[in-house]
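# A structural walkthrough
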Amino acid sequence: MAKLLLPYDGSAPALPALREAIAEFRRDPALQIHLLNVQPPFSEHIARHLSQEARLEFHREHAREALAPALRLLDAADIPYSLHIEVGDRVERIVDLAQRLRCDRILLATSRKSPLLRALENSLTSRLIERAPVPVEVVAGAPASVLERVGVPAGVCAGLTLLWVAGT
């Protein structure tokens, strides 16, 4: 029985991976889907003013909001799943859960971006591919916006030009 870890943050770019997981389950009903939402931790300055119980409830509430679209789709498709909520660094939590559950692979979606933009932003996808103990399958989402395709590389080039001019 194959185990699939599906990190889901509630964003529109995450939907293609969810749809792919649903399609895969229809082809193989023995597939176990583990739906994961990772919440960022509070800073130390904020955490010291809240009880652990209050922090956990806050994270659960925000995870439920983020997961709501996924839960509706999975429930409507009558697909069983296990729900996981973690707090911490997204890559570390995904890698750790994949190991603990002995998942066969991780499925996630990403928006289409230029290689330059991916290198500059140190994307979750890139970091996960480097660290994951199992194969990471990436489903392409919507194309990058015009600003991401043109504006960011142009901004990088302009910044490099200014540095070059300042150095001469």
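The structure this text deals with has already been given above.
So, here's what we can say about the structure. (Residues numbered from 1 in each chain as written. Predicted model: local features only at pLDDT ≥ 70, side-chain atom pairs only at ≥ 80, totals over all residues. Heavy atoms only, no water.)

### Some words on the overall build of the protein
- Per the secondary structure count, the protein includes seven helices and five strands.
- When the elements of the protein are put in sequence order from the N terminus, they spell out β-α-β-α-α-β-α-β-α-α-β-α.
- Here the protein, with 168 residues, has 35% of them falling under the buried criterion.
- Within the protein, residue pairs in contact and separated by at least 24 positions form 76% of the contacts whose partners lie at least 6 positions apart.
- Working note: accessible area of the protein is about 9900 Å², and carbon and sulfur atoms make up 57% of it. (Helix = DSSP H or I, 4+ residues; strand = E, 2+ residues; numbered from the N terminus. Buried < 20%, exposed > 50% of the residue type's maximum accessible area, 1.4 Å probe, protein only. Contact = heavy atoms within 4.5 Å. Areas by Shrake-Rupley, 256 points an atom, 1.4 Å probe, with all protein chains shown as cover.)

### Regarding the sheet that holds strand S4 (residues 105–110)
- Across the sheet, which stays open at both edges, the five strands sit in the order S3-S2-S1-S4-S5 with parallel pairing between neighbours. Pairing within the sheet leaves two strands with one partner each, and these edge strands are strand S3 (82–87) and strand S5 (136–140). Pairwise comparison of adjacent strand axes, ignoring direction, gives a mean angle of 25° for this sheet.
- Across five bridges, S4 lies against S5 in parallel orientation. Paired with Thr110 across the bridge in S5 is Ala140.
- Packed on one face of the sheet, helix H1 (residues 15–27) meets strand S1 (3–7), strand S2 (32–39), S4 and S5 and runs near 140° to S4.
- Docked against the sheet, helix H3 (residues 52–76) engages S2 and S3, running at close to 145° with respect to S2. (Pairing = 2+ DSSP bridges. Axes fitted to C-alpha atoms, helices over the stretch in contact; angles between N-to-C directions.)

### Regarding the side chain of Thr125
- As for its placement among the helices and strands, Thr125 is situated in helix H6 (residues 124–131).
- Once you skip the residues sitting within four places of it in the chain, Thr125 turns out to touch Leu108, Thr110 and Val138.

### A word on the side chain of Gln39
- Along the chain, the position of Gln39 falls in strand S2.
- With residues up to four places along the chain from it excluded, the contact list for Gln39 reads His59, His62, Ala63, Glu86, Val87 and Gly88.

### What to know about the pattern of salt bridges
- One pass over the structure, following the stated rule, counts 10 salt bridges.
- For Arg93, the salt bridge goes to Glu86, with nearest N and O atoms at 3.4 Å.
- The salt bridge partner of Asp89 is Arg127, with a shortest N-O separation of 3.9 Å. Note that Asp89 is positioned in the loop between S3 and helix H4 (90–101) and Arg127 in helix H6, a separation of 38 residues in sequence.
- According to the relative accessible area criterion, Asp89 is partly exposed, its value standing at 32%. (Salt bridge = Lys/Arg side-chain N within 4 Å of Asp/Glu carboxyl O.)

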